[in-house]
Amino acid sequence: MAELDSRIDYAPTHEMNGIKYRRGHVLPFGGTMVPNGVNFSIYSSAATACTLVLFKKNEDIPYTEIEFPQEFRIGNVYSMIVFDLDYENLEYGYRMDGPFDPVEGHRFDKNKILSDPYAKAIGGRDTWLGDPKWDSPFPFRSKLVFEDFDWEEDKPLEIPTEDLIIYEMHVRSFTRHSSSGVKNKGTFAGTREKIQYFKELGVNCIELMPIYEFDEWEHSKKHPDTGELLINYWGYSTLNFFAPKAGYAATGKYGMQVDELKTLIKELHKNGIEVFLDVVFNHTAEGDHRGPSISFKGIDNKTYYMLTPEGYYYNFSGTGNTLNCNHPVVRNMVLDCLRYWASEYHIDGFRFDLAAILGRAQDGSPLNNPPLLESLAYDPILAKCKLIAEAWDAGGLYQVGSFPCYGRWAEWNGKYRDTIRKFLKGEEALVGELSQRVQGSPDMYLSRGATAGINFITCHDGFTLYDLFAYDYKHNDANGENNNDGGNDNDSWNCGWEGETSDPGINYLRHKQIKNALTILMVSQGVPMILAGDEMGNTQYGNNNAYCHDSELSWLNWDLLKSNSDLFYFAKHVISLRHAHPVLRNKYHFQNRDYKGSGYPDISFHGVNAWNADWSDSSRVFAFMLDGNHAKNGFLTDDFIYVAMNMYWDGLPFELPMLPEGKSWHVSVNTEMPPMQDFYPVSQELKIENQHSFIVGPRSIIVLIGK
Amino acid sequence: MNIKIQTEKDIIIISVEGSIDSYTAPEFQKKILSEAEQTSKIILDLSLVTFVSSAGLRVLLMVYRQIKSKNGKIILVGISEEIKEVMTMTGFINFFEIVTTIEEALIHF
């Protein structure tokens, strides 16, 4: 049998200056290792010529450039195999020739060397905040990666969506602080050192803020007053959709970021933890007509971007440009990208930043049946991946509750956040809406089930949970934009003093409010998401938009685990409570009736009087009871759970619903109580003496278990 | 890169000196895989190795797989702290037994 590398198509047909090459394979796009060489393939709808530019690592000048002979172009795709390349030390790019005619949508410039949209790694930002090389004409070079990672038995975990507890985190913020105790601070390897922490806390899914390669130096500046360096810290500005952020890898300097990230994912999976990526397909790092030409803009501007009739960039993302997601070619790129991450990196789910944009037509108008969203929903490779939309965009399209879902898509439930915040701060006329939110928002997701909503009270955007109860107003002066950036609709309440205070009463109330928030989140139907650090009272000092701070403002201070140990223990408890009780984790909505013949409906609503919820506008109390006979939509049996919330400023006696013969109420959570008496561990709940009534403290929540 | 090969009973001891990177990995791969065909017991002495690149780590894993398929054993000797650290972060370390000296490695067979 002939050996693979002796096939005739793996031998060169052309030679130039000692470089051997031949016609390539049109698919897959990108640079792919093949026997004896590398297959390069790139698409451009309007280029007139294309040149492959090859560099040796770290050298400023290319060592060779090979123009694609016209016979190497099939349709609009240029492909070529180049032989005998040094995989590890090769960096490459393309020159595209064609018209520079912005009104027509074309911005070709053959003087520019462009990065491959399908590159699997990008050079230039190998270490975090390394030399920005401002003078380099082509800082972001495409690189090859080995796609031979040994996953052994690993595969995506496929945890049922309703059983997830998502933990949203920034790779660098999570372990960069000196108190993190890890060896490789601020990296994928550092996150791996914290796996036991995730397990102790009880979360079973981490959602990583953007880890696609971005340029932290983008729009960097010094704060006009403090001189602090402000950077693109969060990374919601993608350079390349296939390449992981090298600066997040301790081994990025050796070009091993791919292996380091895959090792992290493999270890997380081994420990029962899924990995979601926050992906930003709505725009790129190339900005508007004033921005740099790094890749897409010079390769095929008209294909990749939504353009106005005058050739300017639509700006539905608020960042300068908008990726042309429903162009068939771009749609395929997004699909290729997600398939790549799902199959090569074993990613379990994706959260799509400003996903409403993905439902816009090429002229920006919202589509009824967006092909991209449909393709993703029905894709065979993504079939078990969780797909989560941030169902709004910066162009005013707000689709929470109406995002085109195709039976698959879930949404960040922004209404959940708003309702819970307002209720917690004591606003009136919310009980009706609150009842919907804790049921998994059937008013919004009637046909989609409880798992259509990702419930959250805080996320990276906005206040941390501690700051939600420590600040009435945002304090974003450190961002250098005169406090004009960040949202003003925070629904926050400082509990009596703006910012830090030594007042024990205020601090007690703040901790209680955090516990109230965590309790509501964990007893609500739907999928809870916690912002990293909220479980230990992390603060950003009132900054509700810390996108530019690579400093202690953003870095998680692990010393808080000690100083706010009551919060951490409490968070652990309510998480374990959720895991212990399937009645809290229904996939489908309640039917508000007894379909099991238990004598109790699956969910019932109460107030200070049992079976009599106060829905009036002046009400600040709400209680509900779940009948364990209807757990997991009737497939499992569980205890009864009764939750009473009192956001009135005085304590109130709540009449307790009567349990079936032989069962009695036990306290699991009482946020009014001091630390260590505020909860009782699962299966060690305290039986209460008075089984008929319970005084719920001011601005407090109790959870009782009926068993 | 220099490669020295000795035999101790049925164990092959391969000592490498220098850097295992994309320049040297093909030669390293050729030599070590041909040795791995002859035996199921290998000691790989890396105490004089200064750097192992991504391509180098892949050769190590390839040998591991080959030896493992014969129910054999490969032990790495004398890896520098820095290389060990890189192998830890990229997960390659999980596949290997690592000891400090050749004598120690011999006891493990």
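About the cut-offs
- Residues numbered from 1 in each chain as written.
- Chains lettered and ligands numbered in written order.
- Predicted model: local features only at pLDDT ≥ 70, side-chain atom pairs only at ≥ 80, totals over all residues.
- Heavy atoms only, no water.
- Helix = DSSP H or I, 4+ residues; strand = E, 2+ residues; numbered from the N terminus.
- Rg over C-alpha atoms; globule rule 2.2 N^0.38 Å.
- Buried < 20%, exposed > 50% of the residue type's maximum accessible area, 1.4 Å probe, protein only.
- Contact = heavy atoms within 4.5 Å.
- Areas by Shrake-Rupley, 256 points an atom, 1.4 Å probe, with all protein chains shown as cover.
- Buried area = accessible area lost by both parts, 1.4 Å probe.
- Salt bridge = Lys/Arg side-chain N within 4 Å of Asp/Glu carboxyl O.
- Polar contact = N/O pair within 3.5 Å; in protein donor to acceptor, adjacent residues only side chain to side chain.
- Nonpolar A, V, L, I, M, F, W, Y, C, P; charged D, E, K, R; others polar.
- Pairing = 2+ DSSP bridges.
- Axes fitted to C-alpha atoms, helices over the stretch in contact; angles between N-to-C directions.
- Domains from an automatic or database assignment.
- Expected span 1.5 Å × (residues − 1).
- Arc of directions from axis to C-beta.
- Phe/Tyr/Trp six-rings, centres within 6.5 Å; stacked < 30°, edge-to-face > 60°.
- Lys NZ or Arg CZ within 6 Å of the ring centre and 35° of its normal.
- Disulfide = S-S within 2.5 Å.

1. Here we look at the overall build of chain A
For chain A, the helix and strand inventory stands at 15 helices and 31 strands. The C-alpha radius of gyration computed for chain A amounts to 27 Å, which stays within 12% of the reference 27 Å derived for 707 residues, consistent with globular compactness. Taken along its principal axes, the extent of the C-alpha atoms in chain A is 90 × 60 × 50 Å. Residues classed as buried in chain A amount to 64% of the 707 residues present. The contacts of chain A with a sequence gap of at least 6 include a subset with a gap of at least 24, amounting to 72%. Entry remark: accessible area of chain A is about 25,400 Å², with carbon and sulfur atoms responsible for 50%.

2. What to know about the interface of chain B and chain A
Chain B puts 22 residues into the contact, and the matching count from chain A is 21 residues. The junction of chain B with chain A conceals about 1,700 Å² of combined surface from both sides, 50% of it contributed by carbon and sulfur atoms. Considering only the surface of chain B that becomes buried against chain A, Arg58, Met89 and Thr90 of chain B emerge as the three largest contributors, covering 34% of it. At the boundary of chain B with chain A, the tally comes to four salt bridges. Here Asp259 of chain A makes a salt bridge to Arg58 of chain B, at a shortest N to O gap of 2.9 Å. Where chain B packs against chain A, one counts 15 residue pairs in polar contact (both at pLDDT 80 or more). Elements with a minimum of two residues in the side of chain B that touches chain A: strand 3 (41-52), helix 2 (54-68) and helix 3 (81-89) of chain B. The element that contributes the greatest number of residues to the side of chain B that touches chain A is helix 2 of chain B, accounting for six residues. Of the residues assigned to the side of chain B that touches chain A, the class counts are ten nonpolar, seven polar and five charged.

3. What about the sheet that holds strand 24 (residues 603-606) of chain A?
Residue and element names in this part refer to chain A. Read across the open sheet, the six strands follow the order 24-25-26-31-28-29; overall the sheet is antiparallel. The open sheet has two free edges, formed respectively by strand 24 and strand 29 (686-687), since each of these has just one partner strand. Direction of pairing for strand 25 (residues 621-626) relative to strand 26 (residues 640-646): antiparallel, over a ladder of six bridges. In the strand pairing of strand 26, Phe624 is matched with Val643. Together, strand 28 (665-670) and strand 31 (700-706) form the strand contacts of helix 14 (residues 565-580), whose direction differs from that of strand 28 by roughly 135°.

4. Observations regarding the domain arrangement of chain A
Segmentation of chain A into domains returns domain 1 (4-143) and domain 2 (594-706). Each of domain 1 of chain A and domain 2 of chain A has a C-alpha centre, and the two are 64 Å apart.

5. Topic: the sheet that holds strand 19 (residues 349-352) of chain A
All names here are of chain A. Strand order in the closed barrel formed by eight strands is 14-15-18-19-20-21-22-23, and the pairing between neighbours is parallel. In this sheet, adjacent strand axes meet at a mean angle of 25° when their direction is disregarded. The pairing of strand 22 (residues 453-456) with strand 23 (residues 527-531) spans three bridges and is parallel. When the sheet's bridge partners are listed, Phe456 is paired in strand 23 with Met529.

6. Overview of the side chain of Asn646 of chain A
Residue and element names in this part refer to chain A. Structurally, the position occupied by Asn646 is in strand 26. At 2.9 Å, the side chain of Asn646 forms a polar contact with the backbone oxygen of Asp650. If near-sequence neighbours (up to four positions away) are discounted, Asn646 is found in contact with Arg620, Val621, Gly651, Leu652, Phe654, Val696, Gly697, Pro698, Arg699 and Ser700.

7. Here we look at helix 6 (residues 328-344) of chain A
All names here are of chain A. The end-to-end C-alpha distance of helix 6, which contains 17 residues, comes to 23 Å, matching closely the 24 Å that a straight helix rising 1.5 Å per residue would cover. Within the span of helix 6, buried status applies to Val330, Arg331, Met333, Val334, Leu335, Cys337, Leu338, Tyr340, Trp341, Ala342 and Glu344. Buried positions along helix 6 lie against helix 4 (257-270), strand 18 (274-279), helix 5 (296-304), strand 19 and helix 7 (371-378). Looking at the residues trailing helix 6, positive phi occurs at His346, about 55°.

8. Quick look at helix 7 of chain A
For helix 7 of chain A, the full list of buried residues reads Leu372, Leu373, Leu376 and Ala377 of chain A. End-on, the buried residues of helix 7 of chain A take up no more than an arc of 130°, which puts them together on one face.

9. Overview of unusual backbone geometry
Residue and element names in this part refer to chain A. Following Leu27, the chain continues into Pro28 via a peptide bond in cis, with omega recorded as 0°. One non-glycine residue, Glu158, adopts positive backbone phi at about 55°. With respect to the helices and strands, the residue Glu158 is situated in the loop between strand 13 (141-143) and strand 14 (166-169). Located in the positive-phi region is Asn592, a residue other than glycine, with phi close to 55°. Residue classification places Asn592 among the partly exposed residues on the basis of a relative accessible area of 43%.

10. A word on the pattern of salt bridges
Residue and element names in this part refer to chain A. All told, the structure shown has 40 salt bridges over all chains when counted by the stated rule. In this structure, the salt-bridge partner of Asp418 is Arg417, at a minimum N-O distance of 2.9 Å. According to the relative accessible area criterion, Arg417 is buried, its value standing at 19%. Where Asp443 meets Arg437, a salt bridge forms, and the shortest distance between an N and an O atom there is 2.9 Å.

11. Some points on the pairing of strand 2 (residues 11-20) of chain B
All names here are of chain B. Of all ten residues that make up strand 2, eight are buried, and the element is covered over most of its length. Of the pairings in the sheet, the one linking strand 1 (residues 2-8) to strand 2 comprises seven bridges and is antiparallel in character. Paired with Glu8 across the two strands is Ile11, which belongs to strand 2. The antiparallel pairing of strand 1 with strand 2 creates a hairpin that spans two residues between the two strands, and Lys9 there sits at a positive phi of about 55°. Where strand 2 meets strand 3, eight bridges bridge the pair, whose relative direction is parallel.

12. Observations concerning the packing of aromatic side chains
One pass over the full model with this rule turns up 56 aromatic pairs over all chains. Seen in terms of ring centroids, Tyr254 of chain A and Phe51 of chain B are 5.5 Å apart; in terms of plane orientation they differ by 45°. Their pairing is tilted. Highlighted residues: Tyr254 of chain A in the loop between strand 17 (229-230) and helix 4 and Phe51 of chain B in strand 3, drawn from two different chains. Ring geometry for Phe296 of chain A versus Tyr304 of chain A: centroids 5.0 Å apart, planes at 65°, classification edge-to-face. Like Tyr304 of chain A, Phe296 of chain A is buried. Taking the ring centre of Tyr63 of chain A as reference, the NZ or CZ of Lys56 of chain A above it sits at 4.8 Å. A cation sits over an aromatic face here: Lys262 of chain A above Tyr345 of chain A, 4.9 Å from the ring centre.

13. Examining the state of the cysteines
All names here are of chain A. Enumeration over the complete set of coordinates arrives at zero disulfides over all chains. The cysteine Cys205 is free of any disulfide, with Cys385 supplying the nearest cysteine sulfur at 11 Å. Relative accessible area serves as the criterion here: at 0%, Cys205 is assigned to the buried category.

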